[in-house]
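# Notes for the structure review
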Amino acid sequence: MSSIHDQIKEVVTTHRVVLFMKGTKQFPQCGFSSRAVQILNAAGCTDYVTVNVLENDAVRQGIKEYSDWPTIPQLYVNGEFVGGSDILMEMYEAGELQELLKA
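Read on for a plain summary of the structure. (Residues numbered from 1 in each chain as written. Predicted model: local features only at pLDDT ≥ 70, side-chain atom pairs only at ≥ 80, totals over all residues. Heavy atoms only, no water.)

## Side note on the overall build of the protein
A tally of helices and strands in the protein yields five helices and four strands. Listing every helix and strand of the protein by position from the N terminus yields α-β-α-β-α-β-β-α-α. Seen through its principal axes, the protein has C-alpha atoms that stretch 40 × 25 × 20 Å. Counting every position in the protein, which comprises 103 residues, the buried fraction comes to 37%. In the protein, the share of contacts with a sequence separation of at least 24, taken over all contacts with a separation of at least 6, comes to 59%. Accessible area for the protein stands at about 5,800 Å²; split by element, carbon and sulfur atoms hold 49% of it. Averaging the coordinates of the 8 positive side-chain charges in the protein and doing the same for the 13 negative ones gives two points 4 Å apart. (Helix = DSSP H or I, 4+ residues; strand = E, 2+ residues; numbered from the N terminus. Buried < 20%, exposed > 50% of the residue type's maximum accessible area, 1.4 Å probe, protein only. Contact = heavy atoms within 4.5 Å. Areas by Shrake-Rupley, 256 points an atom, 1.4 Å probe, with all protein chains shown as cover. Lys, Arg positive; Asp, Glu negative; His and termini not counted. Charge placed at Lys NZ, Arg CZ, Asp CG, Glu CD.)

## A closer look at the side chain of serine 85
Position of serine 85 relative to the elements: it lies in helix 4 (residues 85-94). Those residues within four positions of serine 85 in sequence are excluded, and the remaining contacts are Phe32, Arg35, Ala36, Ile39 and Pro73.

## What to know about the packing of helix 2 (residues 31-42) against helix 4
Where helix 2 contacts helix 4, the axes come no closer than 9 Å and their chain directions differ by 25 degrees. Accordingly, the angle class assigned to the pair helix 2 and helix 4 is roughly parallel. Taken as a pair, helix 2 and helix 4 cross one another with a handedness that is left-handed. Each of Phe32, Arg35, Ala36, Ile39 and Ala42 in helix 2 lies in contact with helix 4, whose residues at this interface are Ser85, Asp86, Leu88, Met89 and Tyr92. Considering only residue class, the contact of helix 2 with helix 4 consists of seven nonpolar, one polar and two charged. (Axes fitted to C-alpha atoms, helices over the stretch in contact; angles between N-to-C directions. Parallel < 35°, antiparallel > 145°, perpendicular 65-115°, else oblique. Left-handed = near helix turned anticlockwise from the far one by under 90°. Nonpolar A, V, L, I, M, F, W, Y, C, P; charged D, E, K, R; others polar.)

## Focus on the sheet that holds strand 3 (residues 74-77)
One open sheet accounts for four strands, arranged 2-1-3-4; its pairing is mixed. Either end of the sheet is taken by a strand with one partner, and the two such strands are strand 2 (49-52) and strand 4 (80-83). The sheet shows a mean angle of 25 degrees between the axes of neighbouring strands, taken without regard to direction. Pairing between strand 1 (residues 17-21) and strand 3: four bridges, direction antiparallel. For valine 18, the partnering residue across the bridge sits in strand 3 and is tyrosine 76. Helix-sheet contacts for helix 3 (residues 57-67) involve strand 1, strand 2, strand 3 and strand 4, and the interaxial angle to strand 3 is about 60 degrees. (Pairing = 2+ DSSP bridges.)

## With respect to helix 4
Each full turn of the α-helix corresponds to 3.6 residues, which orients residues three or four apart in the same direction. Regarding helix 4, the residues found buried are Ser85, Leu88 and Met91. When helix 4 is viewed along its axis, its buried side chains cluster within an angular range of 125 degrees and face the same direction. For helix 4, exposure combined with an orientation more than 90 degrees from the buried face picks out Glu90, Glu93 and Ala94. Tucked inside the fold, the buried residues of helix 4 contact helix 2, strand 3, strand 4 and helix 5 (96-102). Following helix 4 by one or two positions, glycine 95 has its phi on the positive side, about 85 degrees. (Arc of directions from axis to C-beta.)

In structure tokens, the structure reads:
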């Protein structure tokens, strides 16, 4: 049986863009998760995977330990932690997120 960290690592390394969030991209269940989805969509990113942390307490806690980041949502691109909704907004406004997502 693999650990929750192994499961998270598999998700973030198997998919190019992964958003751990509360809810789904079709139905975000918190304002910060909704904002993260809106930012990704505005940046032209449509091919991303979401993981609903509300469906699994182990993932909800595990992702915070995996990234050492205390809040959700969390964006990963190419296996690397990018940040939460505030960081995504700053990167989007600076044009950095669009460049990262194009690479």
